[in-house]
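# Analysis of the macromolecular model
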Amino acid sequence: MICCLVVDEMHPSLKTLMREAGVQIDYEPDLLPAEVPAALAKRPYDGLIVRSKVRVTAELLRHGHQLRFVARAGAGVDNIDVAALEAAGVALVNAPEGNAQAVGEFAVGTLLALLRKVASADAEVRRGEWQREANRGYELQARTVGIIGAGHMGRSFARCLRGFGCTVLGYDHDPAVAATDYLPLVSLAELQQRCDVLSIHIPYSPENHGFVNEALLRGFHHKLWLLNTARGEVLDHSALVPLLREGKLRGAALDVLDNERLSGLKPEQRTRFEYLRTAPNVVLTPHVGGWTHESYQRINEVLARKIGELVRV
């Protein structure tokens, strides 16, 4: 029987789904990160399932010398040393299909909130202010939306935009990524020339660190509304405040930050955050773009299917 160690909280459907896939699980979500290596060494596990609790490194893999796969319950794999897995001959499984719909819908919601000033208008009414003209917004139909990253998340956002009648353009530096009828791909230069909304959907990697930086943003011909539902580190946050202040950025919706431990911000991060949290044209949410009741279960379904296909080989 294939056996797998699960060290993070998962939807209750996991045990049944994995059993149907021919995999037994040891469910240990209460393990502390420091306890994971010893737990992994206790028996010859074929697999390890994680969310964000631990970093999967070459050192951790030494405690699971019989591992056949590591599965990440989600899309991003930035807490996993992919090179170490490849060197050890361990397969990597993730589940971007599981929360893509959630991210697409969420990105539409935050974009509408920016264009129609929903968050700031809500705050004003709660303070007893009733300012209609000051909260006149913009229609999505008249916008050209640029999507950087045309994988599962970018395509989901593009699909969700189809009913609004706006123009949608995508860019991806991976030549293997194909265009679709609802997400045509253009060069980065054309994206910069035509778009007045930019949504970031690229995964984090060392190569993508700070990919969306001040020079790239200043290269857009129009003033921008900016969305980031990907990873905080792919956006150079030092560019945000000056570009917002001068109006090059009309507004920003940030579901992720370069440091999401708000109690541990560095001084320069604290200064930026103080500006962002009080700016009326900024929407901030706590990394919940892909975090729905439906995606919580769907991620299990994707993982079980992929792991089942892997172990049957």
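Every value quoted in this text rests on a predicted model; they were computed, and no experiment measured them.

## A closer look at the sheet that holds strand β1 (residues 2-6)
Across the sheet, 5 strands lie side by side as β2-β1-β3-β4-β5; this open sheet has parallel pairing. A strand with exactly one partner marks an edge of an open sheet, and here the two such strands are β2 (23-27) and β5 (91-94). On average, each strand axis in the sheet is tilted by 25° relative to the strand beside it, whichever way the strands run. Bridge count between strand β4 (residues 69-72) and β5: 4 bridges; the pairing is parallel. Bridge assignment links Arg 72 to a residue of β5, and that residue is Asn 94. With respect to the sheet, helix α12 (residues 293-311) is in contact with β1, β2, β3 (47-50), β4 and β5, its orientation differing from that of β5 by roughly 155°.

## Structural notes on the domain arrangement of the protein chain
When cut into domains, the protein chain gives domain 1 (2-98 + 293-312) and domain 2 (138-280). Once you take the C-alpha centre of each, domain 1 and domain 2 turn out to be 30 Å apart. Counting the surface lost from both domain 1 and domain 2, the interface buries some 420 Å², and carbon and sulfur atoms represent 58% of this. Per-residue buried area on domain 1 facing domain 2 is highest for Asp 78, Pro 96 and Glu 97; these three make up 77% of the total on that side. Remark: the boundary between domain 1 and domain 2 carries 1 salt bridge. Arg 231 is the partner of Asp 78 in a salt bridge, and the nearest nitrogen-oxygen pair spans 3.1 Å. Linking domain 1 with domain 2 are 1 residue pair in polar contact (both at pLDDT 80 or more).

## Some details on the pattern of salt bridges
The final tally for this structure, using the stated rule, is 15 salt bridges. For the salt bridge of Arg 218 with Glu 214, the shortest nitrogen-to-oxygen distance reads 2.8 Å. With Arg 218 and Glu 214 both in helix α9 (residues 214-218), this residue pair falls 4 residues apart, about one helical turn. Given the relative accessible area of 38%, Arg 218 is considered partly exposed. Residue Glu 214 is classed as partly exposed on the basis of its relative accessible area of 31%.

Thresholds, definitions, all that
- Residues numbered from 1 in each chain as written.
- Predicted model: local features only at pLDDT ≥ 70, side-chain atom pairs only at ≥ 80, totals over all residues.
- Heavy atoms only, no water.
- Pairing = 2+ DSSP bridges.
- Helix = DSSP H or I, 4+ residues; strand = E, 2+ residues; numbered from the N terminus.
- Axes fitted to C-alpha atoms, helices over the stretch in contact; angles between N-to-C directions.
- Contact = heavy atoms within 4.5 Å.
- Domains from an automatic or database assignment.
- Buried area = accessible area lost by both parts, 1.4 Å probe.
- Salt bridge = Lys/Arg side-chain N within 4 Å of Asp/Glu carboxyl O.
- Polar contact = N/O pair within 3.5 Å; in protein donor to acceptor, adjacent residues only side chain to side chain.
- Buried < 20%, exposed > 50% of the residue type's maximum accessible area, 1.4 Å probe, protein only.

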